[in-house]
Amino acid sequence: MKRVVIIGGGIAGLAAAYALKENEGAKDLEVTLFERRPRLGGNIRTERVNGFIIEGGPDCFLSEKPWAMGLCKRLGLGERLLPTNDAHRKTYVLSGGRLRNLPEGVILMIPTKILPLLFSPLISVPGKMRMFLEPFIPRKKDKADETLGDFVRRRLGPEVLDKIAEPLIAGVHAGDPETMSIRSAFPKFVELEENYGSLILGMIKRMKASSMKSGGAGGNRGKDGEKRPTMFMTLKGGLKELVDELERRLSGVNENTRIRTGVEVAGITRSVGLYKVRLASGDLINADSVIIAAPAYVAASLLTGLDPGLSQKLLEIPYTSTATVSVAFKKTDVRHPMDGFGFVVPRSEKRRIMASTWSSVKFKHRAPDDAVLIRCFLGGAKNPEVLSLSEDELVEIVMAELKDIMGIDATPVLKKAYKWPQSMPQYTVGHEQRVGLIEQRILEAHPGLFLVGSAYRGIGISDNIRNAEDAARQALEFIGNQKNTVAPLP
């Protein structure tokens, strides 16, 4: 019997395991997943407390990348999919100490409507004039990588970088625009420039094409009558529903599938065509193929004995730490209308939070009817000190910021803080080349070994699922060409 060992029980590891067992040709395949923590899910952590649904990590996934929704539907969770509450689809930007609307039609950082931007107080008149010159800016002549900061300044001007691009992107990547690779982190922007010569014109054309394909902009349903998803989607009971269902399905497959939590892998070597997975307990597990679904620095430590050069290259992918703090209040204690999804905070505002999501507005079922739930983000590339603070100190920071920004001066009915050390990989300039070298080294020297996760080609849940499913298919192809078998697990 052939065996695949998966190291890491986050969404990537779970998706890889499920993809292996979904395959009809893998009925006799033995799959073992090791997770060093006592729980599965990785950065996905949902808690349900007194009628509140709190997300400690990510709270949604992008619908335009279909792999997360596709997996949910295959798992029978289609009816549990939850769109955003688009009656309040609005984002604020803190500017000059005040919350100002992000103009309607601005998608990430690209304006697609003129009038809302013209009348917005967020951008100065010179800044608006510079934005509207974007279609006339020549496209980049070479394909050399550049930072996000350089890209935005070149195409849209410095004010857009400061007030829109940097805060919106920091809330997603927790990164520094002056080091972040535009080609790796936001390839869509590069494609717009290369294909259309303009971000604005390219985005407008794509939106029109998408509208025609889905049956027009009017209404909420496509041509097939199915309700169209919103840009961000989640599950009614939180993202842990996806983790729980994957665990249930995998645990119920057969005796050839094992999930072992609380078990740490110490290293990987290879001998006579088999990988030797050494556990911290000293046990040695043979495997035909290994999928490492862990952070790049963890993969580096595991592969030191197998390939020191590969290990060193993995350590070149930097990480940053973040924290989230969720607080809840009685509705009667909050004077702010909370008529949007939340707000982002430019670095120039010199605040200690990066962004805030009004969770109970963005999604239904997140708080009791008489309460509101707010989540704030801290840390990132510019504020690494979050790890040195206690959870109580993080809550104090958030309470002070919400009082100053939103006028909330009340005792919360709930407060939860989560620290995520070294949790966000940073796609710095040259990332694409680094990952290409890593993949080439594995392909040439370590057949049957696969790396998946947010460190390589996409940080979102959908990207993780896509990469994990690809790795599972490649592992099956590799095993199909092998003749050796491994001994049963001890």
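As the structure is a prediction and not an experimental result, all values here were calculated from the model.

1. What about the sheet that holds strand E15 (residues 284–287)?
In spatial order, the strands read E13-E14-E15; together these three strands make up an open sheet with antiparallel pairing. Two strands in the sheet have a free side with no partner beyond their single neighbour: strand E13 (265–271) and E15. Across the sheet, the mean angle separating the axes of adjacent strands is 25° when strand polarity is ignored.

2. A closer look at the confidence of the model for the protein
When pLDDT is averaged across the protein, the result is 92; 94% of the residues are at 70 or more. Throughout residues 484–490 the model reports pLDDT below 50, and contacts reaching past four residues in sequence, or to other chains, amount to 23 contacts.

3. Examining the environment of Ala-15
Position of Ala-15 relative to the elements: it lies in helix H1 (residues 11–22). Looking at Ala-15, the relative accessible area reads 2%, which means it is buried. Sequence separation between Ala-15 and Ala-68 is 53 residues; the distance between their C-alpha atoms is 9.7 Å. Beyond its immediate chain neighbours, meaning those up to four positions away, Ala-15 contacts Leu-71, Ile-465, Ala-468 and Glu-469.

4. Description of the sheet that holds strand E2 (residues 30–35)
The strand order across the open sheet built from five strands is E12-E2-E1-E16-E22, with neighbouring strands paired in parallel fashion. At either margin of the open sheet sits one strand with a lone partner, and together these are strand E12 (257–261) and strand E22 (449–451). With direction set aside, neighbouring strand axes in the sheet form an average angle of 15°. Two strands pair when backbone bridges link them, and strand E1 (residues 3–7) and strand E16 (residues 289–292) are joined in this way by four bridges, in the parallel orientation. If you follow Ile-6 over to E16, its bridge partner there is Ile-291. Packed onto the sheet, H1 meets E1, E2, E12 and E16 and runs at close to 170° relative to E2.

Reading the values: rules and limits
- Along each chain, numbering runs from 1 in the same order as the chain's sequence is written.
- Predicted model: local features are reported for residues with pLDDT of at least 70 only, side-chain atom pairs are reported and counted for 80 or more only, and whole-chain, interface and lining totals are derived from all residues.
- To obtain the side-chain values, all non-hydrogen atoms of the structure were used and water was disregarded.
- Between any two strands, pairing holds if DSSP finds at least two bridges.
- Think of it this way: any DSSP run of H or I at least four residues long counts as a helix, any run of E at least two long counts as a strand, and we number them from the N terminus.
- The axes used here are C-alpha line fits, helices contributing only the stretch in contact, and every angle between their N-to-C directions lies in the interval 0 to 180 degrees.
- One number per residue, pLDDT, summarises how confident the predictor is, and it ranges from 0 to 100.
- Contact between two residues is taken to exist if any of their heavy atoms lie within 4.5 Å; hydrogens are not considered.
- We call a residue buried when its accessible area falls under 20% of the maximum for its residue type, exposed when it is over 50%, and partly exposed in between, using a 1.4 Å probe and counting protein chains only.

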